[in-house]
Amino acid sequence: MVQKYSFPDGFWWGAATSGPQSEGRFHKAHRNVFDYWYDKDPQAFFNQVGPNTASNFYNDYPQDIALMKEIGLNTVRTSIQWTRLIRDFETGETDPDGVRFYNDVIDTFCRNGIRPIMNLHHFDLPIDLYKKYGGWESRHVVDLFILFARKCFELFGDRVKNWVTFNEPMVIVEGEYLYQFHYPNLVDGKKACQVLYNLNLASAGAIEAFRKTECAAHGGRIGIVLNLTPAYPRSDAPEDVQAAAFAEDFKNKSFLDPAVLGRFPASLEKILREDGVLWQAEPEDLAIIQNNRVDFLGVNYYQPFRAKAPEGMFDESHGWLPEKHFAAYEMPGRRMNPYRGWEIYPRSIYDVAINIRDNYGNIPWYISENGMGVEGEEKYRNAEGFLEDDYRIDFFKEHLGWLHKGIAEGSNCFGFHAWTPIDCWSWSNAYKNRYGFIALDLATQKKTIKKSGYWIRDVIKHNGF
Ligand code: BGP
């Protein structure tokens with residue numbers, strides 16, 4: 001068969017997961033916000049399944065990594081849990097078992113020929129830092145995060161050459177402070193803006209710390225992973241175009257611009273200032289953000305955002321919200337993933353590629369997550385018990401086709417990571433929707449390769465399909 005899509009040499013083919021979604025809580029010294037939320041209110045989680053065992057990566061990592069090797073992945077991203085590695089958040093004193101665990105995990109990845117990409121924060125704020133300081137609302141927490149980051153670089157920077165400061169910081173803003181899907185489930189637009197700012201500062205501060213390390217001096221790189229949801233207007237009417245422009249500023253550029261260009265979009269600052277919700281900044285912050293831009297960018301792409309002009313008067317009862325300036329538009333005929341409720345629109349990957357090429361200096365970037373969560377996958381097992389997830393293969397083929405076009409037109413993309421290697425725990429959706437190349441039987445913790453796992457192995461072998 002003739003290969004239609006070939007990817008650049010050295011392309012990262014892999015998958016991403018995170019500490020809190022895969023490890024389980026075994027031997028952790030502290031609780032993160034999700035651990036705490038689950039202990040407090042298990043009803044808030046699908047089938048009341050929490051993060052206690054997750055996919056048992058804490059105990060199973062040698063076998064799990066062997067499976068990842070079997071399907072050919074050359075790179076895998078996971079995250080270091082602040083609540084596992086650090087015993088004392090204020091001094092940065094480490095937890096011996098946490099250090100042992102991450103050392104072993106990293107060594108096992110390396111021994112299996114898989115490059116580990118280590119992320120420092122995947123929504124897993126220590127609950128104690130929320131209770132004591134208000135979490136990301138506080139600059140002290142920003143400093144504590146930088147201390148934690150420094151510990152990670154010192155401990156693991158000899159083997160980990162690719163670091164990520166944050167996964168989807170915008171989701172923290174939206175989940176914790178606007179749309180109530182992460183603990184503490186607040187609706188507070190002003191705090192949301194301050195948190196958005198503090199997260200940018202924390203990322204730049206961690207990058208600053210990284211640049212002083214041996215790892216950076218020897219070619220190590222650091223980036224950020226952002227969930228980009230390209231905003232498309234409902235129509236060419238100026239009100240719709242303006243609504244989409246604000247959505248783009250608030251949802252995407254609010255992290256993309258500081259990370260890559262070293263500054264916030266002036267149009268965003270202007271509107272937030274007029275609305276009286278602009279963040280508090282210290283004079284020295286600007287230089288930190290400006291001088292500590294990322295070496296590379298990870299883009300998690302799942303869905304676009306379709307915007308229309310808000311209808312009627314803005315309801316002030318919850319204070320300021322970004323919806324003062326846009327409303328979500330449900331485009332008739334859009335293709336949906338019904339399990340997750342997300343639109344499927346593969347072309348956006350191409351639009352992202354061209355946007356990065358033209359507006360962000362063509363910085364090196366990769367797709368750090370893309371995938372399709374499906375409920376009730378067990379019904380797709382054939383008579384031999386083999387899980388035939390052809391819908392997932394088709395989903396990836398379409399997205400990779402558009403990515404390939406972007407690369408062919410000069411976008412500097414160096415890899416593609418699926419979400420996720422092995423079915424993992426998905427926040428309040430728990431194990432409802434499965435995303436993995438490898439299936440997890442929750443009752444037995446047995447892990448088996450799906451059809452998509454063998455498919456990706458073939459793609460990796462041929463560096464295309
Ligand atoms: C991204 C997160 C992941 C993962 C994925 C799938 O936003 O970075 O942590 O969970 O989405 O989404 P979900 O688990 O909500 O279905």
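Please refer to the structure placed before this passage.
So, a few notes on the structure that sits alongside this text.

Some details on the packing of aromatic side chains
So, step 1. Inspection of every chain in the model, using the stated rule, returns 56 aromatic pairs.
So, step 2. An angle of 85° between the planes, with centres 5.5 Å apart, marks the rings of Tyr61 and Phe101 as edge-to-face. In this pair, Tyr61 sits in helix H3 (residues 57-70) while Phe101 sits in helix H5 (residues 96-111), placing the two residues 40 residues apart along the sequence.
So, step 3. According to the relative accessible area criterion, Phe101 is buried, its value standing at 0%.
So, step 4. Chaining the aromatic ring pairs together yields one cluster made of Tyr5, Phe7, Phe11, Trp13, Phe395, Phe396, Phe416, Phe437, Trp455 and Phe465.
So, step 5. Sitting above the plane of the Phe101 ring, Arg84 keeps its charged end 5.1 Å from the centroid.

Quick notes on the sheet that holds strand S9 (residues 296-300)
So, step 1. Taken together, the eight strands give a closed barrel; going around it, the order is S1-S2-S5-S6-S7-S9-S14-S16, and neighbouring strands pair in parallel fashion. Averaged over all adjacent pairs, the angle separating strand axes in this sheet is 25°, with direction ignored.

Overview of helix H8 (residues 169-177)
So, step 1. Burial runs high along H8: nine of the nine residues are buried.
So, step 2. For H8, the set of buried residues is Pro169, Met170, Val171, Ile172, Val173, Glu174, Gly175, Glu176 and Tyr177.

A short note on the sheet that holds strand S11 (residues 327-328)
So, step 1. Ordered by their spatial adjacency, three strands build an open sheet running S8-S10-S11, and the pairing between neighbours is mixed. Sheet topology places strand S8 (231-233) and S11 at the edges, where each strand pairs with a single neighbour.
So, step 2. By the bridge criterion, two bridges tie strand S10 (residues 305-308) to S11 in an arrangement that is antiparallel. Opposite Lys308, over in S11, you have Ala327 as the bridge partner.

Let's talk about the nonpolar core
So, step 1. Among the nonpolar cores identified, the biggest contains 141 residues, and Trp82, Trp136, Trp163, Trp365 and Leu403 are the most heavily contacted of them.
So, step 2. Here this core gets 13 residues from one element, more than from any other, and that element is helix H9 (residues 189-211).
So, step 3. The next biggest cluster of nonpolar side chains, apart from the first, holds seven residues, and it includes Trp12, Ile117, Val225 and Phe296.

As for the site of the ligand
So, step 1. Close to the ligand lie 13 residues, the nearest being His122, Glu168, Arg340, Ser426 and Tyr435.
So, step 2. In the environment of the ligand, an oxygen atom lies 2.8 Å from a nitrogen or oxygen atom belonging to the side chain of Gln21.
So, step 3. Separating an oxygen atom of the ligand from a side-chain N or O atom of Glu168 is a distance of 2.5 Å.
So, step 4. When the ligand sits alone it has 370 Å² of accessible area, and the protein chains cover 94% of it.
So, step 5. A class-by-class count of the residues in the shell around the ligand yields five nonpolar, five polar and three charged.

What about the pattern of salt bridges?
Opposite charge on two side chains allows them to pair when their charged atoms are near.
So, step 1. Using the criterion set out here, one finds 37 salt bridges in the structure.
So, step 2. Residue Arg100 is joined to Asp97 by a salt bridge in which the shortest nitrogen-to-oxygen separation is 3.0 Å. Within this pair, Arg100 and its partner Asp97 are both found in helix H5, separated by three residues, close to a single helical turn.
So, step 3. Of the residues examined, Arg100 reaches a relative accessible area of 34% and is grouped as partly exposed.
So, step 4. Using a relative accessible area of 22% as the deciding quantity, one classes Asp97 as partly exposed.

What about the pairing of strand S5 (residues 115-119)?
So, step 1. The element S5 is largely enclosed, with a buried count of four among its five residues.
So, step 2. The sheet contact formed by strand S2 (residues 75-79) and S5 spans five bridges and is parallel. Counterpart to Val76 in the pairing with S5 is Pro116.
So, step 3. Where S5 and strand S6 (residues 162-167) come together, three bridges link them in parallel fashion. Bridged to Ile117 within S6 is Asn162.

Conventions and cut-offs
Residues numbered from 1 in each chain as written. Predicted model: local features only at pLDDT ≥ 70, side-chain atom pairs only at ≥ 80, totals over all residues. Heavy atoms only, no water. Phe/Tyr/Trp six-rings, centres within 6.5 Å; stacked < 30°, edge-to-face > 60°. Helix = DSSP H or I, 4+ residues; strand = E, 2+ residues; numbered from the N terminus. Buried < 20%, exposed > 50% of the residue type's maximum accessible area, 1.4 Å probe, protein only. Lys NZ or Arg CZ within 6 Å of the ring centre and 35° of its normal. Pairing = 2+ DSSP bridges. Axes fitted to C-alpha atoms, helices over the stretch in contact; angles between N-to-C directions. Core = buried A, V, L, I, M, F, W, Y, C linked by side-chain atoms within 4.5 Å. Near = heavy atom within 4 Å. Polar contact = N/O pair within 3.5 Å; in protein donor to acceptor, adjacent residues only side chain to side chain. Areas by Shrake-Rupley, 256 points an atom, 1.4 Å probe, with all protein chains shown as cover. Nonpolar A, V, L, I, M, F, W, Y, C, P; charged D, E, K, R; others polar. Salt bridge = Lys/Arg side-chain N within 4 Å of Asp/Glu carboxyl O.

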